[in-house]
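Now for the letters of each chain:
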Amino acid sequence: MKFFVDTADTGDIAELAATGLIDGVTTNPSLIAKSGRPFADVVKEICEIVPGPVSAEVVATDYDGMISEGRKLAKIADNVAVKLPLTLEGLKACRTLSDDGTMVNVTLCFSANQALLAAKAGATFISPFIGRLDDINVDGVELIADIRQIYDNYLFDTEILAASIRTANHVKLSALAGADVATMPPSVIKGLVKHPLTDKGLETFLADAAKAGIKV
């Protein structure tokens, strides 16, 4: 399972990239706006830090606008994945950009039918938002499992990118359901390593080593 970090904070991205655990980055206009910096500058810097896919989202909603913006984004770096909304215009743009050889991340997916359409349009990634489904009492992880079954049935290459992940449990359940990628905020990634028994065990080992005067 690939781990993408969902942020535009280049400091957080660099810190996590240094662990060797990060395979890519997802951003959106809201995240980049928080940086207060020009959009293209932020995307370029992120692409230099992380060699894997970096999703950068268009703001246009019409086909011509999405194609124009998508091609501009793709020129920033070879590892840019153009992020498009799951609309008819977005799917049409997905087919065009995918045929151009550009990676495309189709976002705001909330149903298996939508995911099927994105795969048929040639999407590199489909981003089901599991947390937002949970908010309306729909099982977001069940959607991941449904998409996995459909994609396996028809041998689609589109990768399932579990998004809107809010907890460590979301990560585990997405992995069990067969997601190819999980994208999550830095705090969730850092939280995956935490367990009280790990902390307690380490504390005991260090105390025993100190008492015995053990040095390596």
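For the structure itself, look to the data block above.
Below is a short write-up of the structure. This structure is a prediction, so every number in the text was calculated from the model and none was measured.

## Details of helix α4 (residues 63–74)
Think of an α-helix as turning once every 3.6 residues; residues three or four places apart then point the same way. Under the 1.5 Å per step criterion, the end-to-end length of α4 is 16 Å for 12 residues, consistent within 8% with the ideal 16 Å. Lining the buried residues of α4 we find α3 (39–49), β3 (54–57), β4 (80–85) and α5 (88–99).

## Some remarks on a negative patch on the surface
Residues Asp134, Asp139, Glu142 and Asp146 make up a contiguous surface patch of negative charge. As for its placement among the helices and strands, Asp139 is situated in the loop between α7 (130–135) and α8 (140–154).

## As for unusual backbone geometry
Where the residue is not glycine, phi is negative for most of them; where a peptide bond is considered, it is trans in most cases. Although it is not a glycine, Asn137 adopts a positive phi angle of roughly 65°. Residue position: Asn137 is located in the loop between α7 and α8. With a phi close to 55°, Ser164 is a non-glycine residue in the positive phi region. Tracing the backbone through its elements, the reader meets Ser164 in the loop between β7 (159–162) and α9 (168–177).

## Side note on the packing of helix α6 (residues 112–120) against α8
Relative placement of two packed helices is described by the angle separating their axes and the distance separating the axes. Following both chains from N to C, one finds α6 and α8 inclined at 40°, their axes separated by 9 Å at the closest point. Between α6 and α8, the angle falls in the class oblique. Along this stretch, α6 crosses α8, giving a crossing that reads as right-handed. In this structure, α6 contributes Ala112, Ala115, Leu116 and Ala119 to the contact, and α8 contributes Leu143, Asp146, Ile147, Ile150 and Tyr151.

## Describing the sheet that holds β3
Strands belonging to one sheet form pairs held by backbone hydrogen bonds; the direction of such a pair is parallel or antiparallel. Taken together, the 8 strands give a closed barrel; going around it, the order is β1-β2-β3-β4-β5-β6-β7-β8, and neighbouring strands pair in parallel fashion. Taken over all neighbouring pairs, the strand axes of this sheet differ in orientation by 30° on average, direction set aside. Sheet topology note: the strand β2 (residues 24–26)/β3 ladder contains 2 bridges and is parallel. Paired with Thr26 across the two strands is Ser55, which belongs to β3. Together, β4 and β5 (103–109) form the strand contacts of α5, whose direction differs from that of β4 by roughly 160°. In the packing of α6 onto the sheet, the strands contacted are β5 and β6 (125–128), and the crossing angle to β5 comes to about 165°.

## Here's the deal with the pattern of salt bridges
Per the stated rule, a full pass over the model turns up 10 salt bridges. One salt bridge in this structure joins Glu48 and Lys44, with 2.7 Å as the shortest N-O distance. Residue Glu48 and its partner Lys44 are located together in helix α3, separated by 4 residues, close to a single helical turn. Arg148 is the partner of Asp152 in a salt bridge, and the nearest nitrogen-oxygen pair spans 3.2 Å. Of this pair, Asp152 and Arg148 both sit in helix α8, 4 residues apart, roughly one helical turn. It is possible to trace a salt-bridge network through shared partners that takes in Arg148, Asp152 and Asp180.

## Structural notes on helix α1 (residues 10–17)
Listing the buried residues of α1 in full gives Thr10, Ile13 and Leu16. The buried side chains of α1 occupy one side of the element, clustering within an arc of 130° when seen end-on. Turning to α1, the residues buried within the fold contact β1 (2–6), β2, α3 and α10 (186–191). Between the side-chain oxygen at the start of α1 and the backbone nitrogen of Gly11 there is a gap of 2.9 Å, and the oxygen is on Asp9.

Thresholds, definitions, all that
- Residues numbered from 1 in each chain as written.
- Predicted model: local features only at pLDDT ≥ 70, side-chain atom pairs only at ≥ 80, totals over all residues.
- Heavy atoms only, no water.
- Helix = DSSP H or I, 4+ residues; strand = E, 2+ residues; numbered from the N terminus.
- Expected span 1.5 Å × (residues − 1).
- Contact = heavy atoms within 4.5 Å.
- Patch = residues over 30% accessible without salt bridge, like charges linked within 9 Å, V, L, I, M, F, W, Y side chains within 5 Å.
- Areas by Shrake-Rupley, 256 points an atom, 1.4 Å probe, with all protein chains shown as cover.
- Salt bridge = Lys/Arg side-chain N within 4 Å of Asp/Glu carboxyl O.
- Lys, Arg positive; Asp, Glu negative; His and termini not counted.
- Charge placed at Lys NZ, Arg CZ, Asp CG, Glu CD.
- Axes fitted to C-alpha atoms, helices over the stretch in contact; angles between N-to-C directions.
- Parallel < 35°, antiparallel > 145°, perpendicular 65-115°, else oblique.
- Left-handed = near helix turned anticlockwise from the far one by under 90°.
- Pairing = 2+ DSSP bridges.
- Buried < 20%, exposed > 50% of the residue type's maximum accessible area, 1.4 Å probe, protein only.
- Arc of directions from axis to C-beta.
- Polar contact = N/O pair within 3.5 Å; in protein donor to acceptor, adjacent residues only side chain to side chain.

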